[in-house]
Amino acid sequence: MIIVPAKNILFGEHSVVYPPNSAVIATNSLSCKADVSSNNTSSLINVNIAGEFRLNTRYEHAHLLGYLDEVRKAHLIFQSTGDYKTLRDKIINNDDLLKLAIAVVLDRLNNLQLTIHGFNLYLLSQVPLQSGFGSSAVFSSAVI
């Protein structure tokens, strides 16, 4: 099991965008816990999420990697045109960031020529959505 703490940015929210500014960041008692186990399938990923955001779904490896390719193509369009709509249109559902995070991991493991079988992913997040505590970052970090 992995536990990822939520963050509090005390000041310097835009330091990443405007270097060399500094930020002071601290963790708090909220966290997202992730656990993974094998499910004895060749490519099925079962996802169960509890907390404020709930989801119980399954994905196929090929579907996730296809989705990653779509997002990458949209990102190339965004880079050349500056129009974020093409990229935004690929990440519209509540589980799209989850799909993207899992797909990035699968793609990286494929590039390392590691064989990944099906697995169960269980997430429990205490971080409220849109709270400013980085619920998306905590969620994505726990998955990755």
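All values derive from a computational prediction rather than experimental measurement.

1. Here's the deal with the environment of glutamine 79
Structurally, glutamine 79 can be placed in helix 1 (residues 61-81). For glutamine 79, a relative accessible area of 53% puts it in the exposed group. Between the alpha carbons of glutamine 79 and proline 128 there is a distance of 32 Å; along the sequence they are 49 residues apart.

2. Here's the deal with a nonpolar patch on the surface
Taken together, the side chains of Leu10, Phe11 and Val24 make up a nonpolar region of the molecular surface, amounting to roughly 280 Å² of accessible area. Turning to its location among the elements, valine 24 is positioned in strand 2 (residues 24-38). We classify valine 24 as partly exposed; its relative accessible area is 34%.

3. Things to note about the pattern of salt bridges
Summed over the entire model, instances satisfying the criterion amount to 4 salt bridges. The shortest N-O distance in the salt bridge between glutamate 70 and lysine 90 comes to 3.6 Å. Pair noted here: glutamate 70 is in helix 1 and lysine 90 is in the loop between helix 2 (85-88) and helix 3 (96-111), with a separation of 20 residues, a long-range link. Overall, the relative accessible area of 39% leaves glutamate 70 in the partly exposed class. Overall, the relative accessible area of 28% leaves lysine 90 in the partly exposed class. Across the pair aspartate 107 and arginine 72 runs a salt bridge whose closest N-O atoms are separated by 2.8 Å. Of the two residues, aspartate 107 is situated in helix 3 and arginine 72 in helix 1; the sequence distance between them amounts to 35 residues. By relative accessible area, which is 17% here, aspartate 107 ends up buried.

4. Topic: unusual backbone geometry
One non-glycine residue, asparagine 40, adopts positive backbone phi at about 60°. Mapped onto the secondary structure, asparagine 40 falls in the loop between strand 2 and strand 3 (44-51). At glutamine 113, a position not held by glycine, the phi torsion is positive, near 60°. Here glutamine 113 is to be found in the loop between helix 3 and strand 5 (119-125). For glutamine 113, a relative accessible area of 73% corresponds to the exposed category.

5. Describing the sheet that holds strand 2
In space, the 5 strands of this open sheet follow the order 1-2-5-3-4, with mixed pairing throughout. Single-partner strands in this sheet number two, and they are strand 1 (2-11) and strand 4 (55-60). Shown here is a sheet whose adjacent strand axes are inclined to one another by a mean of 20°, direction ignored. Relative to strand 5, strand 3 is paired through 7 bridges, and the arrangement is parallel.

6. A few points about the pairing of strand 2
Pairing of strand 1 with strand 2, which is carried by 8 bridges, proceeds in the antiparallel orientation. Paired with isoleucine 2 across the bridge in strand 2 is alanine 34. Relative to strand 5, strand 2 is paired through 7 bridges, and the arrangement is antiparallel. Residue pairing for strand 5: serine 38 is matched across the bridge by phenylalanine 119.

Cut-off values and rules
Here the residue numbers are simple positions, counted from 1 along each chain's written sequence. Given that this is a predicted model, residues contribute local features only at a pLDDT of at least 70 and side-chain atom pairs are listed and counted only at 80 or more, while totals for whole chains, interfaces and linings are drawn from all residues. Think of the side-chain values as coming from all heavy atoms in the structure, minus any hydrogens and water. The helix and strand labels rest on DSSP assignments: H or I over at least four residues marks a helix, E over at least two residues marks a strand, and numbering proceeds from the N terminus. The cut-offs for exposure are 20% and 50% of the maximum accessible area for each residue type, with area from a 1.4 Å probe on protein chains only; residues under the lower value are buried, those over the upper are exposed, and the others partly exposed. Patches were defined on residues exceeding 30% relative accessible area and lacking a salt bridge, with like-charge contacts within 9 Å and nonpolar side-chain contacts (Val, Leu, Ile, Met, Phe, Trp, Tyr) within 5 Å. Note on areas: these come from Shrake-Rupley sampling with a 1.4 Å probe, and a residue is covered only by the protein chains present in the view. What counts as a salt bridge is simple: a side-chain nitrogen of Lys or Arg found within 4 Å of a carboxyl oxygen of Asp or Glu. Any two strands between which DSSP finds at least two bridges are classified as paired. For helices, the fitted line uses only the C-alpha atoms of the stretch in contact; every axis is such a line through C-alpha atoms, and the angle between N-to-C directions lies from 0 to 180 degrees.

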